[in-house]
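# Architecture at a glance
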Amino acid sequence: HGNEIYTIDISHDGKFLASGQKAQEVKNAKLYLWDVENKKLIKQLDGCTLTIVQISFSPNDNFLLTVSRDRSWNLYIKNNNSYELLQNMKNAHKRIIWSCSWTFDEQFFATGSRDKFITIWKKGEDNKFKKYTNLETKEAVTAIEFIGKIFGNKENEKYIFIAGFESGKIVLGKFDVKDKKIEIIYEVSKFLENGDVTKKIRS
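Residues numbered from 1 in each chain as written. Predicted model: local features only at pLDDT ≥ 70, side-chain atom pairs only at ≥ 80, totals over all residues. Heavy atoms only, no water.

In terms of regular secondary structure, the protein chain is built from zero helices and 16 strands. A compact globule built from 203 residues should have a C-alpha radius of gyration of about 17 Å, and the protein chain, at 16 Å, falls within 12% of that. Projecting the C-alpha coordinates of the protein chain onto the three principal axes gives extents of approximately 45 × 40 × 30 Å. The buried share of the protein chain, reckoned over its 203 residues, is 47%. Residue pairs at least 24 apart in sequence account for 43% of intrachain contacts in the protein chain once pairs closer than 6 positions are excluded. For the protein chain, the exposed area adds up to about 10700 Å²; of that, 47% sits on carbon and sulfur atoms. (Helix = DSSP H or I, 4+ residues; strand = E, 2+ residues; numbered from the N terminus. Rg over C-alpha atoms; globule rule 2.2 N^0.38 Å. Buried < 20%, exposed > 50% of the residue type's maximum accessible area, 1.4 Å probe, protein only. Contact = heavy atoms within 4.5 Å. Areas by Shrake-Rupley, 256 points an atom, 1.4 Å probe, with all protein chains shown as cover.)

Take the nonpolar core next. Nonpolar side chains in soluble globular proteins tend to be buried together. Core analysis: the biggest nonpolar cluster contains 17 residues, and Phe 108, Ile 118, Ile 120, Phe 161, Phe 175 and Ile 182 have the highest contact counts within it. Residue assignment for this core shows that the elements contributing at least two residues are strand S10 (108–113), strand S11 (117–123), strand S12 (129–136), strand S13 (141–151), strand S14 (158–165) and strand S15 (170–176). With four residues, the top contributor of residues to this core is S14. Core analysis: the next-biggest nonpolar cluster, separate from the first, contains 14 residues, Phe 16, Ala 18, Leu 31 and Leu 45 among them. (Core = buried A, V, L, I, M, F, W, Y, C linked by side-chain atoms within 4.5 Å.)

Examined against the element boundaries, Gly 195 turns out to sit in the segment after strand S16 (181–187). Judged by relative accessible area, which is 83%, Gly 195 ranks as exposed. Taking C-alpha positions, Gly 195 is 9.9 Å from Glu 166, a pair spaced 29 residues apart along the chain.

This part covers the sheet that holds strand S5 (residues 52–57). Here we have four strands laid out as an open sheet, ordered S5-S6-S7-S8, and antiparallel in their pairing. Strands at the two margins of the open sheet, each flanked by one partner only, are S5 and strand S8 (82–89). Each strand axis lies, on average, 20° off the axis of its neighbour in the sheet, ignoring direction. Bridging between strand S6 (residues 63–68) and strand S7 (residues 73–79) involves five bridges; their strand directions are antiparallel. Across the sheet, Val 67 pairs through a bridge with Trp 73, a residue of S7. (Pairing = 2+ DSSP bridges. Axes fitted to C-alpha atoms, helices over the stretch in contact; angles between N-to-C directions.)

A word on the side chain of Lys 174. Inspection of the secondary structure assignment puts Lys 174 in strand S15. Classification of Lys 174 as buried rests on a relative accessible area of 17%. With sequence-adjacent residues up to four places away left out, Lys 174 is seen in contact with Phe 151, Lys 158, Tyr 159, Ile 160, Phe 161, Lys 181, Ile 182, Glu 183 and Ile 185.

The subject of this paragraph is the side chain of Asp 115. Tracing the backbone shows Asp 115 in the loop between S10 and S11. Buried charge without a salt bridge: Asp 115, with Lys 94 as the nearest opposite-charge side chain at an N-O distance of 6.9 Å. A distance of 3.1 Å separates a polar atom in the side chain of Asp 115 from the backbone nitrogen of Phe 117. Aside from chain neighbours lying at most four places away, what touches Asp 115 is His 93, Lys 94 and Arg 95. (Lys, Arg positive; Asp, Glu negative; His and termini not counted. Salt bridge = Lys/Arg side-chain N within 4 Å of Asp/Glu carboxyl O. Polar contact = N/O pair within 3.5 Å; in protein donor to acceptor, adjacent residues only side chain to side chain.)

Here it is as structure tokens:
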């Protein structure tokens, strides 16, 4: 990296590491993909035009997701011993996207943004994702993480997530697939929340 490393993530099988650096120009906004065992750079992937804020391998490592200061997200799909760009979603939010998280089954992922929205994206038959639903919040969403598995029957699946905000507040939320509804079901006590921005949550 030529600039300060801003974010990293490692695949669940431990074979790949992805990293991104601070970037004010397109040439510096590439996603770096590394071979962990050989400690070598595999390739630099295009997609973002500004700093990659967060990177997330999907639970089965089939996909690699990045969110950026340029308000876009980029989806990469696994191809043999590497990944390739599958989808670039420009203007996915109106402000910087701070966070992203996958559901355990890779059918959905969520993004959280400074525009005060949590957005859920759904996988199609072509492996590309489309906006499914969203929730407007009272402040900037700075962290989000799906936890555990679904509950309810197959006709009414629900996912649980934790979200963090600019004030340090942390909440528990529920995403109802059938009703396309996201709701906050519990707020962590002020005595237990962070004193400043909640930048990342990991289950």
